[in-house]
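So the chains spell out like this:
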Amino acid sequence: MSDKSSNQMWGGRFAAGPDAIMEAINASIGFDKRMAAQDIAGSRAHAAMLAAQDIVTPSDAEAMREGLLTVLSEIETGEFAFSTALEDIHMNVEARLKEVIGDPAGRLHTGRSRNDQVATDFRLWVRDQLDAAASGLTALIGALVAQADAGADWVMPGFTHLQTAQPVTWGHHMMAYVEMFARDLSRVQDARRRMNESPLGAAALAGTSFPIDRDMTAQALGFDRPMANSLDAVSDRDFALEFLSVASISAMHLSRMAEELVIWSSAQFRFVTLSDRFSTGSSIMPQKKNPDAAELIRAKIGRIFGANVALMMVMKGLPLAYSKDMQEDKEQVFDAADNWMLALAAMEGMVKDMSANRANLEAAASAGFSTATDLADWLVRTLDLPFRDAHHVTGSLVAMAERKGCDLPDLSLEDMQSVHAEITSDVFEVLGVHNSVASRTSYGGTAPVRVREQVARWKEILE
């Protein structure tokens, strides 16, 4: 479309079109065309409301609504020719609508502005992404619950500082991530509730003198209510910032799990085997099986964090109401959403396909003096030692085992009694890793009985 026709869209304000540099910096159609479906949904709701309020005739409204469906079809089939001269998705759609239906298209913008239009479109788009994230998180939680169910009583080392700490169960470790991603899901749901208000009808910043019905358009678009202040409606991007904040926290959780999968699948650990679908080989080392999907999840998270910081910087100094700076909101959110959805899908696939190596997990759980705390607890319970004394006795026995090159269960009773004479053979009942995890029956503990309770609870939630 020519610069002349674009100038007409502006009502003749400019005698000539912007030069190439201004056009390049001003245009957003290269990225905001992703909101075409939302833009057309908003316009169709607006047209219906205009007719209901006798602001336009029913025939004009019907022509607009049908014409907009034609434009949407052209966009979806790839027939639509987007114009940089027309700047954004709103002007592109309206210009094409005029070509399709003629003069009635000029009445579509009655009682609204591009300011409330873009705020509405963007909210609708972000809301769709929150719904997609909720689905992705639910699927990932389901995959983790299935892993926990299969290995509720498989022992493995629990770590602090990446050093062997106490035995836990595979199921318990999987359920830890269930709780983490469940908080992400809760944040998604909470953010969706808070942002589900309609800016449409706020117009440029002050509302409009036309007798519009904002409740009607809000309801048509699935919003709970119209936003209560027209200035806030066009200048608010909290919903985008909250989306990025929620995405960043969830992405951090994904990265933590990806890091564990990278470690666990290494030759030094061999805790898990990742499927070939989410691994690659080396171009020169035939023995290699690289956890590339996990590594890419870990890396892509930086883009989501970066988007969060970038939009915060855009918004931090803006006066009310709308400023062109806010055009920089969408690319950050679009990129973060793409990478978050991809990372969720990839992690779900890896979790569903991976196999835990039970024997290796148990062997690792039995090493590294992982039952030292159980020994100290036994000394407190059975011999009534103060915990600090029991800690000292246990430390001495660990040092003895290190000198002998063995683990705690391999020490003889005589060895133990040389450190504390009152130790009896009953102590060996707590030194096995299975006994250790079975004893951790406090709520939220690693005992298989507690893990199975949590698995059952989550199965019920997911159903």
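Residues numbered from 1 in each chain as written. Predicted model: local features only at pLDDT ≥ 70, side-chain atom pairs only at ≥ 80, totals over all residues. Heavy atoms only, no water.

Draft legend 1. Region of interest: the overall build of the protein. Of regular secondary structure, the protein possesses 19 helices and six strands. Its C-alpha radius of gyration of 31 Å places the protein more than 25% over the 23 Å reference for a compact globule of 463 residues. Referenced to the eigenvectors of the C-alpha coordinate spread, the extents of the protein come out at roughly 100 × 50 × 40 Å. Relative to all contacts within the protein whose residues are 6 or more apart in sequence, the contacts with residues 24 or more apart total 74%. Only carbon and sulfur atoms are counted for the fraction: they give 52% of the accessible area of the protein, which is about 21,400 Å². Of the side chains in the protein, 43 bear a positive and 63 a negative charge, and the two mean positions are spaced by 2 Å. (Helix = DSSP H or I, 4+ residues; strand = E, 2+ residues; numbered from the N terminus. Rg over C-alpha atoms; globule rule 2.2 N^0.38 Å. Contact = heavy atoms within 4.5 Å. Areas by Shrake-Rupley, 256 points an atom, 1.4 Å probe, with all protein chains shown as cover. Lys, Arg positive; Asp, Glu negative; His and termini not counted. Charge placed at Lys NZ, Arg CZ, Asp CG, Glu CD.)

Draft legend 2. Seen up close, helix α16 (residues 387-404). If you check α16, its first and last C-alpha atoms are 25 Å apart, about what 18 residues at 1.5 Å a residue would give, namely 26 Å. Those residues of α16 lying buried are A390, V393, T394, L397, V398, M400 and A401. Each buried residue of α16 sits inside an arc of 160° when the element is viewed along its axis, so together they form one side. Exposed and oriented more than 90 degrees from the buried face of α16 are R388, H392, E402 and R403. Where α16 is buried, its residues contact α15 (372-383) and α17 (413-419). Residue G405 follows α16 closely and has a positive phi angle near 70°. (Expected span 1.5 Å × (residues − 1). Buried < 20%, exposed > 50% of the residue type's maximum accessible area, 1.4 Å probe, protein only. Arc of directions from axis to C-beta.)

Draft legend 3. Geometry of the packing of helix α5 (residues 58-76) against helix α6 (residues 89-101). Interhelical geometry of α5 versus α6 gives an angle of 115° and a closest axis separation of 9 Å. Relative to α6, the element α5 is oriented roughly perpendicular. The two elements α5 and α6 meet at a crossing, and its hand is right-handed. Residues A63, M64, G67, L68, T70, V71, E74 and I75 of α5 touch α6, and the partners they reach there are V93, R96, L97, V100 and I101. (Axes fitted to C-alpha atoms, helices over the stretch in contact; angles between N-to-C directions. Parallel < 35°, antiparallel > 145°, perpendicular 65-115°, else oblique. Left-handed = near helix turned anticlockwise from the far one by under 90°.)

Draft legend 4. Examining the pattern of salt bridges more closely. Following the criterion strictly, the structure yields 26 salt bridges and no others. Here R107 makes a salt bridge to D60, at a shortest N to O gap of 3.2 Å. Of this pair, R107 sits in the loop between α6 and α7 (114-150) while D60 sits in helix α5; the two residues are 47 residues apart in sequence, bridging distant segments of the chain. Among the charged side chains, a salt-bridge network with shared partners connects D190, R193, R194 and E242. (Salt bridge = Lys/Arg side-chain N within 4 Å of Asp/Glu carboxyl O.)

Draft legend 5. Expanded view of unusual backbone geometry. Put simply, L320 and A321 share a cis peptide bond, and its omega is 5°. In this structure, L162 is a non-glycine residue whose phi angle is positive, near 60°. Tracing the sequence through the fold places L162 in the loop between β1 (155-160) and β2 (163-169). By relative accessible area, which is 51% here, L162 ends up exposed.

Draft legend 6. Expanded view of the nonpolar core. Counting 78 residues, the largest nonpolar core has W170, W340 and M347 as the members making the most contacts within it. Elements that contribute at least two residues to this core include exactly α7, α8 (170-195), α11 (238-264), α12 (292-315), α13 (329-353) and α19 (448-462). Per element, the largest residue contribution to this core is 15 residues, and it comes from α11. With sequence-adjacent residues up to four places away left out, W170 is seen in contact with Q147, G151, W154, M156, W264, V272, M354, A356 and L361. (Core = buried A, V, L, I, M, F, W, Y, C linked by side-chain atoms within 4.5 Å.)

Draft legend 7. Seen up close, the side chain of N115. Considering the arrangement of structural elements, one finds N115 in helix α7. In this structure N115 comes out as buried when scored by relative accessible area, which is 16%. At 3.0 Å, the side chain of N115 and the backbone oxygen of A204 are in polar contact. Not counting residues within four places of it along the chain, the set of residues in contact with N115 comprises A203, A204, V234 and Y322. (Polar contact = N/O pair within 3.5 Å; in protein donor to acceptor, adjacent residues only side chain to side chain.)

Draft legend 8. Representation of the packing of aromatic side chains in the model. Inspection of the entire model under this criterion finds ten aromatic pairs. The interplanar angle of 45° and the centroid separation of 5.6 Å between the aromatic rings of W170 and W264 together place this pair among those described as tilted. Of this pair, W170 sits in helix α8 while W264 sits in helix α11, placing them 94 residues apart in sequence. Accessibility expressed as a relative area gives 2% for W264, which makes it buried. Between the aromatic rings of Y177 and F181, the centroid separation amounts to 6.3 Å while the plane-to-plane angle is 25°, which identifies the pairing as stacked. Linking Y177 with F181, this pair stays in helix α8, spanning four residues, or about one helical turn. With respect to burial, Y177 and F181 carry one shared label: buried. Three or more aromatic residues joined by ring pairs make a cluster, and in this case those are F159, W170, W264, F269 and F271. Its end group placed over the ring of F223, R127 keeps NZ or CZ at 4.9 Å from the ring centre. (Phe/Tyr/Trp six-rings, centres within 6.5 Å; stacked < 30°, edge-to-face > 60°. Lys NZ or Arg CZ within 6 Å of the ring centre and 35° of its normal.)

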